[in-house]
Amino acid sequence: MNALIRKLAEAWGPSGYEHQVRRLIEEEVTDLVDDMRVDALGNLICRVGSGGARVMVPAHMDEIGVMALFAEPQSGYLRFEPIGGLLNSSLAGNRVRFENGATGVIGVYDSFGVGRTSVPALSDFYIDVSDGNGAAVPAGSPAGFWREFETRGTRLIAKSLDDRIGCVVAIETLRKLNRQAPNEVHFVFSVQEEVGVRGAGPAAYGIDPDLGIALDVTATGDELRNRKMTVKLGGGAAIKVLDSGLVVPPAIVEWMEACARKNGISVQRELLSGGSTDARVIQITRAGVPSGCISIPTRFLHTTSETADIRDVQSCIDLLHALLSGPIELQG
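Procedures and definitions
- Residues numbered from 1 in each chain as written.
- Predicted model: local features only at pLDDT ≥ 70, side-chain atom pairs only at ≥ 80, totals over all residues.
- Heavy atoms only, no water.
- Pairing = 2+ DSSP bridges.
- Helix = DSSP H or I, 4+ residues; strand = E, 2+ residues; numbered from the N terminus.
- Axes fitted to C-alpha atoms, helices over the stretch in contact; angles between N-to-C directions.
- Contact = heavy atoms within 4.5 Å.
- Phe/Tyr/Trp six-rings, centres within 6.5 Å; stacked < 30°, edge-to-face > 60°.
- Lys NZ or Arg CZ within 6 Å of the ring centre and 35° of its normal.
- Core = buried A, V, L, I, M, F, W, Y, C linked by side-chain atoms within 4.5 Å.
- Buried < 20%, exposed > 50% of the residue type's maximum accessible area, 1.4 Å probe, protein only.
- Disulfide = S-S within 2.5 Å.
- Polar contact = N/O pair within 3.5 Å; in protein donor to acceptor, adjacent residues only side chain to side chain.

*Asks:* With reference to specific residues and values, describe the sheet that holds strand S18 (residues 306–309).
*Replies:* Strand pairs in the sheet, formed through backbone hydrogen bonds, run parallel or antiparallel to each other. Across the sheet, three strands lie side by side as S10-S11-S18; this open sheet has antiparallel pairing. The open sheet has two edge strands with one neighbour each: strand S10 (150–152) and S18. Adjacent strand axes in the sheet meet at a mean angle of 25° when their direction is disregarded. Here strand S11 (residues 155–158) pairs with S18 via four bridges, running antiparallel. Opposite leucine 156, over in S18, you have alanine 308 as the bridge partner. Across the face of the sheet, helix H4 (residues 161–177) comes into contact with S11 and S18 while running at roughly 30° to S18.

Shown next, in the form of structure tokens:
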């Protein structure tokens, strides 16, 4: 599985430019699904099974990035705009990669002055793309952050685990299902989640599901002086109860927890005080869709060193497979 994680995590695909990631996923799932299509926004929608409940399982393909806004005259420096939620405190010295392969380094005004003691405004940052030969990167060029995938014991460290690791959970669950599902399951590899959860809503409108189960990362409470929450690395799949955009129906939480107990799968409850997932827009599609989320605990979100644990990833795969392998009967 690590080879697949590396392939997807290192792939280039800022929000709105997910085509390279989509091609990689298509190659992985083409023999695992009953049919596959790409909708008008670029969501990859894969169906397996028929009859029973119609279930939508989204995981977003996009990652945060930047877009070249303006080239400072004869300097090789680019001003830029964010694509998604950048953390200014993590920008200086990081590298970005444009689709044509050009690499840039993010610098900041007065890095040894103001930048040492405070977080500069985004307008103080720039991207150095000078190559000594005068080559230019045109305005409007998108870029993703660049960092290689690494492991440290059971830890997985990479850029864009948010949410390529959710895509891995979906792909590995498809392998385990082996096209045997008692329900009609639509795995959606969605676009533009990081810029306002834009892809999953139209996909859900087209699928018209009875149930939504999003796959995404969540924060942890096991970092020094971090937010107060019970999720930790190595604690198992996180079953969402609440986030800033979704209150999960109790019947879904109870169903997931009962399935985990029955199958001996390690799980923990997720109550997230900030952030949300594709489930936020699925639940308000058409006449409303009961929606939940299986989350992968991840430290250092929206940095180039997002860190997850392979044991939690496997728990998420096992839980999703168990949920989708039987009839879906929610109480209440």
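We are not done yet, so read on.
*Asks:* Would you mind going over the packing of aromatic side chains in detail, with residue names and values included?
*Replies:* In total, this model carries two aromatic pairs according to the counting rule given. Taking the centre distance of 4.7 Å and the plane angle of 45° together, the rings of tyrosine 77 and tyrosine 126 count as tilted. In this pair, tyrosine 77 is assigned in strand S5 (residues 77–83) and tyrosine 126 in strand S8 (residues 125–128), connecting sequence segments 49 residues apart. Positioned above the aromatic ring of tryptophan 146, the side-chain terminus of arginine 97 is 4.3 Å from the ring centre. Here arginine 286 stacks its cationic end above the ring of tyrosine 205, 4.0 Å away from the centre of that ring.

*Asks:* With reference to specific residues and values, describe the sheet that holds strand S6 (residues 95–98).
*Replies:* Taken together, six strands build a closed barrel; the order of strands is S4-S5-S8-S7-S6-S9 and the barrel is antiparallel. Within this sheet the neighbouring strands show an average axis-to-axis angle of 45°, counted without direction. Where S6 meets strand S7 (residues 103–108), three bridges bridge the pair, whose relative direction is antiparallel. Its bridge partner being in S7, arginine 97 is matched across the sheet by threonine 103.

*Asks:* Quick one: what's the story with the nonpolar core, residue by residue and with numbers?
*Replies:* Among the nonpolar cores identified, the biggest contains 66 residues, and Ile25, Phe187, Phe189 and Ile294 are the most heavily contacted of them. Looking at this core element by element, the count peaks at nine residues for H4. Those residues in contact with phenylalanine 187 that lie beyond four places of it in its chain are Leu44, Ile45, Cys46, Val48, Val57, Ala170, Thr173, Leu174, Leu177, Leu320 and Leu324. Core analysis: the next-biggest nonpolar cluster, separate from the first, contains 17 residues, Leu78, Val96, Phe125 and Ala143 among them.

*Asks:* Can you tell me about the state of the cysteines, naming the residues and giving the values?
*Replies:* If you walk through the whole model with that rule in mind, you get zero disulfides. Not part of a disulfide, cysteine 259 finds its nearest cysteine sulfur in cysteine 316, a span of 13 Å. Cysteine 293 takes part in no disulfide bond, and the closest cysteine sulfur to it belongs to cysteine 316, at a distance of 9.0 Å. For cysteine 293, a relative accessible area of 0% puts it in the buried group.

*Asks:* Before we move on, could you go through unusual backbone geometry and cite the residues and values that matter?
*Replies:* The omega angle of the peptide bond from aspartate 162 to aspartate 163 is 5°, so this bond is cis rather than trans. Along the chain, aspartate 163 falls in helix H4. Unusually for a residue other than glycine, arginine 286 sits at a positive phi of about 50°. Residue position: arginine 286 is located in the loop between helix H7 (279–282) and strand S17 (291–297). Judged by its relative accessible area of 47%, arginine 286 is partly exposed. The residue phenylalanine 300 is not glycine, and still its phi comes out positive at about 60°. Its place among the elements puts phenylalanine 300 in the loop between S17 and S18.

*Asks:* Describe the side chain of asparagine 43, with residues and values.
*Replies:* Structurally, asparagine 43 can be placed in the loop between strand S1 (35–38) and strand S2 (44–48). Only 3.0 Å separates the side chain of asparagine 43 from the backbone nitrogen of valine 191, close enough to count as a polar contact. When neighbours within four sequence positions are excluded, asparagine 43 is seen to be in contact with Arg37, Val38, Val188, Phe189, Ser190, Val191, Gly199, Ala200 and Ala203.

*Asks:* Any details on the environment of leucine 8? Residues and values, ideally.
*Replies:* On the secondary structure map, leucine 8 appears in helix H1 (residues 2–9). Residue classification places leucine 8 among the buried positions, given a relative accessible area of 0%. Distance in space between the C-alpha atoms of leucine 8 and glutamine 20 is 9.6 Å, their sequence separation being 12 residues. Among all residues touching leucine 8, those that are not within four sequence positions of it are Leu24, Ile25, Ser160, Arg164, Cys167, Val168 and Ile171.

*Asks:* Tell me what's going on with the side chain of threonine 277, and back it up with residues and numbers.
*Replies:* Relative to the helices and strands, threonine 277 is located in the loop between strand S16 (267–271) and H7. For threonine 277, the residues in contact, after removing those within four places along its chain, are Glu193, Val197, Ala214, Asp216, Lys240, Asp243 and Cys293.

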